[in-house]
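In case you want the letters, here they are:
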Amino acid sequence: MAKNLMIQGTMSGAGKSILTAGILRVLHQDGLKVAPFKSQNMALNSYVTRDGKEIGRAQALQAFAAGIEPDADINPILLKPTGETASQVIVNGLPVGDMRAADYFRKKKDYIPEILAAYERLSSRADIVVIEGAGSPVEINLRDNDIVNMGLAQMLDAPVLLAGNIDPGGVFAQLLGTVQLLSSAERARVKGLIINKFRGDKKLLDPGLSMFRDYCDIPFVGVVPYADFDLEEEDSLSKKLKVKSGFSYSGRAGEGGKGAIRIAVLRFPFISNYTDFDIFEKIPGVELIYTDSAESVKEADIVILPGTKNTSSDLRWLREKGLDKAVLEAKKKGALIIGICGGFQMLGRWISGEGAANAGKDAFCEGDQEGLGLLPVDTVFEDQKTLIQSSGTLTGAGGEFAALEGIAYRGYEIHMGVSVGGALRSVRERDLAGSRGMLCCNGNVLGTYIHGLFDNAKVTKAILDIVSGRKGAESLCDGLEDLWVYRERELDKLADVVRHSLDMEYIYRVIEGKV
């Protein structure tokens, strides 16, 4: 069995996911076989493994940091919100149904055998497993039912490092308050404290670290500086999802530079897998905003309808905000309109909830709705969920998107609907030969189920070059890398910071049980 280490935080946003990834990368660089583990995650950003299982995107990133292929064992329970008080529950990578929060709270201990079995499988093929907690370990009203923080640490006999986020202030109170609310047995598991996201001169912080010993005898193992690592974030806390009402520049010559490209991503209430668009934020001259402003949509060169965990609800929201009319107007003006997954379904003619009765109230689709009618596609929701990695060459490209035809790509699909009609024969797991890599195009409108499509640099370049060509400008994408190549370099940068900031010799002793 592998040795282990657990990273917990004083609160959500303490930086547990990135710290876990950084420590994993350091251990991997040191030649150890390592793996991440998070027993339960709640996120709308998810990833599909090679064998068609769904896990949290943050755990996939941690697997990449560890130098291993992501699989369902690293995240045995994933909760994907489908309403204000309901989530789809995914166990061992497959959906088991929708549950209200109170119902899941009563049932979650039933999943402990699944959690332990996943950990044992993972442990059998690793030297060290680095475990990530969730939220705070001292939500005292939830302590008796805990399966992700100290309850899990006890089950797995894991030593704990506790991280606090200094950026909003009050980090000493965060750490001390958390430690004091732990039981004596829980407190004994905490072997070190980490201050994360520190800005400025660390010498100014050193007196506080010394004074803290008067209140708590748990040692500090490091102060990690605030660094803008360009890595995927937990979706609920991402600053990039802040809604903007307009662009910083218009994209005309002299305002952001000739050929500047404006991309408006509709900020659905149940937006999912927004990591699809990370690559655009790395390209100078491209401004991408998440917005619910009709005016911003009308001003955009490219309008993207992203994935959503509740297509029907978000389509109603789209109409209530008047964004349906804005999308139609943008299309008439010549903007490129792109729909991914749920956004693709909305661009079609019709969405039917038939067959979704077992999905549960507030789930994927409630009744029938007309789509925006920009693509010749109808979607029917079924109980079967499509989960697959996909790679090959793109087919079905046409109209303004003809340059995409035949480009090699890799990505994945996560969706409940089956879309048929037009050039799209079927997109479902049992008909992969006819659907993999399929695009549906109509003039300046494109739809696809492929998540991660833009991670492929050639795809992104082909699309942006359409807009650059219209503006009479040079391509903005010369030298653009595939996103996974860029990510590897960022993970190595993260490891450098973690290795320099944390007492890795002490952390190794913790892992070895010598502290």
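For the structure given in this document, a descriptive report is provided here. (Residues numbered from 1 in each chain as written. Predicted model: local features only at pLDDT ≥ 70, side-chain atom pairs only at ≥ 80, totals over all residues. Heavy atoms only, no water.)

**Observations regarding helix H15 (residues 483–501)**
Since one α-helical turn is 3.6 residues long, residues separated by three or four positions face the same way. With 19 residues, H15 should reach 27 Å at 1.5 Å per residue; the first-to-last C-alpha distance of 27 Å fits that figure. Along H15, the residues classified as buried are Leu483, Trp484, Arg487, Glu490, Leu491, Leu494, Ala495, Val498 and Ser501. Summarising the axial view, the buried residues of H15 lie within an arc of 150°, below the 170-degree limit, and thus occupy one face. Each element contacted by the buried residues of H15 is listed here: helix H1 (16–29), helix H2 (57–66), strand E12 (220–225) and strand E22 (408–420). (Helix = DSSP H or I, 4+ residues; strand = E, 2+ residues; numbered from the N terminus. Expected span 1.5 Å × (residues − 1). Buried < 20%, exposed > 50% of the residue type's maximum accessible area, 1.4 Å probe, protein only. Arc of directions from axis to C-beta. Contact = heavy atoms within 4.5 Å.)

**Section: the nonpolar core**
Among the nonpolar cores identified, the biggest contains 86 residues, and Phe37, Ile131 and Leu193 are the most heavily contacted of them. Residue contacts for Ile131: discarding those within four places in its chain leaves Asn4, Leu5, Met6, Ile7, Phe37, Tyr119, Leu152, Leu156 and Ala158. Core analysis: the next-biggest nonpolar cluster, separate from the first, contains 70 residues, Leu241, Leu288, Ala330 and Leu446 among them. (Core = buried A, V, L, I, M, F, W, Y, C linked by side-chain atoms within 4.5 Å.)

**Overview of the sheet that holds strand E1 (residues 3–9)**
Backbone-to-backbone hydrogen bonds pair the strands of a sheet. The strands run either parallel or antiparallel. In spatial order, the strands read E2-E9-E1-E10-E11-E12; together these 6 strands make up an open sheet with parallel pairing. The outermost strands of the open sheet, each flanked by one partner alone, are strand E2 (34–37) and E12. Taken over all neighbouring pairs, the strand axes of this sheet differ in orientation by 20° on average, direction set aside. Sheet topology note: the strand E11 (residues 190–198)/E12 ladder contains 4 bridges and is parallel. Looking at E12, one finds that Ile194 is bridged to Gly222. Against the sheet, helix H6 (residues 171–181) engages strand E10 (160–165), E11 and E12, with an angle of about 145° to E10. Together, E1, strand E9 (128–132), E10, E11 and E12 form the strand contacts of helix H16 (residues 504–511), whose direction differs from that of E1 by roughly 115°. (Pairing = 2+ DSSP bridges. Axes fitted to C-alpha atoms, helices over the stretch in contact; angles between N-to-C directions.)

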